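Overview (structure and organization)
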Amino acid sequence: MNEIKEYLEQQSPDFIQGFALFCKYSRNQSLMSFIGRKKDMVMLRYNLQKLSEMGDIRPNPNATIHEVRFNKFLTSANTQEENEKVKIVDERKVKREDLPEELKDVYDSIVNDYKLMRSIHEKMKNANSDSGRKEFRDQLTAIELQVKSKWAHIDGQLINGKKTDDNSGNSFNVNTARAYISKMLKKEVLTDEQRSMVKQKVEELISAGAVLKEETLLKLKEKGF
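Each value, and the rule that gives it
- Residues numbered from 1 in each chain as written.
- Predicted model: local features only at pLDDT ≥ 70, side-chain atom pairs only at ≥ 80, totals over all residues.
- Heavy atoms only, no water.
- Phe/Tyr/Trp six-rings, centres within 6.5 Å; stacked < 30°, edge-to-face > 60°.
- Helix = DSSP H or I, 4+ residues; strand = E, 2+ residues; numbered from the N terminus.
- Buried < 20%, exposed > 50% of the residue type's maximum accessible area, 1.4 Å probe, protein only.
- Axes fitted to C-alpha atoms, helices over the stretch in contact; angles between N-to-C directions.
- Parallel < 35°, antiparallel > 145°, perpendicular 65-115°, else oblique.
- Contact = heavy atoms within 4.5 Å.
- Nonpolar A, V, L, I, M, F, W, Y, C, P; charged D, E, K, R; others polar.
- 1 Å grid on protein atoms, 1.4 Å probe; cavity = no way out; pocket = protein on both sides within 12 Å on 5 of 7 lines; lining within 4 Å.
- Points joined across faces, edges and corners; volume = space filled by probe spheres on them.

Some words on the packing of aromatic side chains
Given two aromatic rings, one states the distance between the centres and the angle between the planes to describe the pair. Inspection of the entire model under this criterion finds one aromatic pair. Measuring from ring centre to ring centre gives 5.8 Å for phenylalanine 15 and phenylalanine 19, while their planes differ by 20°; the resulting arrangement is stacked. Remark: phenylalanine 19 and phenylalanine 15 occur in helix H2 (residues 15–25); sequence separation between them is four residues, near one turn of the helix. A relative accessible area of 8% places phenylalanine 15 in the buried class.

Quick look at the packing of H2 against helix H3 (residues 29–38)
Interaxial distance between H2 and H3 falls to 11 Å at its minimum, and their mutual angle equals 175°. Comparing the axis directions of H2 and H3 gives the class roughly antiparallel. The residues of H3 that touch H2, namely those facing Phe15, Phe19, Phe22 and Cys23, are Leu31, Met32, Ile35 and Gly36. Looking at the contact of H2 with H3 residue by residue, the class counts come to seven nonpolar, one polar and no charged.

Details of empty space enclosed by the protein
Summed over the entire model, instances satisfying the criterion amount to two cavities of 30 Å³ or more. The volume enclosed by the second largest cavity comes to roughly 40 Å³. Taken together, Ile16, Gln17, Ala20, Glu67, Met124, Lys125 and Arg133 make up the full set of residues lining the second largest cavity. Looking at the lining of the second largest cavity, the elements with two or more residues in it are H2 and helix H7 (101–126). Top element by residues in the lining of the second largest cavity is H2. It accounts for three residues. Considering only residue class, the lining of the second largest cavity consists of three nonpolar, one polar and three charged.

Structure representation (structure tokens):
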């Protein structure tokens, strides 16, 4: 249990590292679900402290499965809002063989992204410094956003069709939308109106089947979108 004690002694412990430890040694899936959903650091530290005082505990053989299932740390703070605006097809309900040829490549790239995410996630858990974990976490965030963008592209093609017009009936220019987003992301502070317009441009790009660059997705995440 030394690794739990070492974690608790850190001045600014990382949530995802602590949650991985909790899943590794706990058997309480209800608490995993609650802590992972709420990102409750106080509850996490409290329960890790209890585990550290229980002596020698065998690791949970299903730890990795539970961590992936219950850890919502990498989910965007705006996931609920985004899902209300853009219907993302659940990957478990999509079969590759049912997709048109032009979408099979997108599907294959998503599969490869998931494999890469699992690999990076393992590296992050084994990182021995906060800076190392942050680097891996940033990679995971960027890939996760890229995956969401690709699923949105598939969803748009299967459900909504490829849209090239905005709600006003005017022609939608992909390059203009990209340029506006890029310009806004360079600003230190955005007004509410600018933030709203950036969200609108992102949604229009996704609806039009445009895949946003990994760098752009990461910057959007950093700005709180």
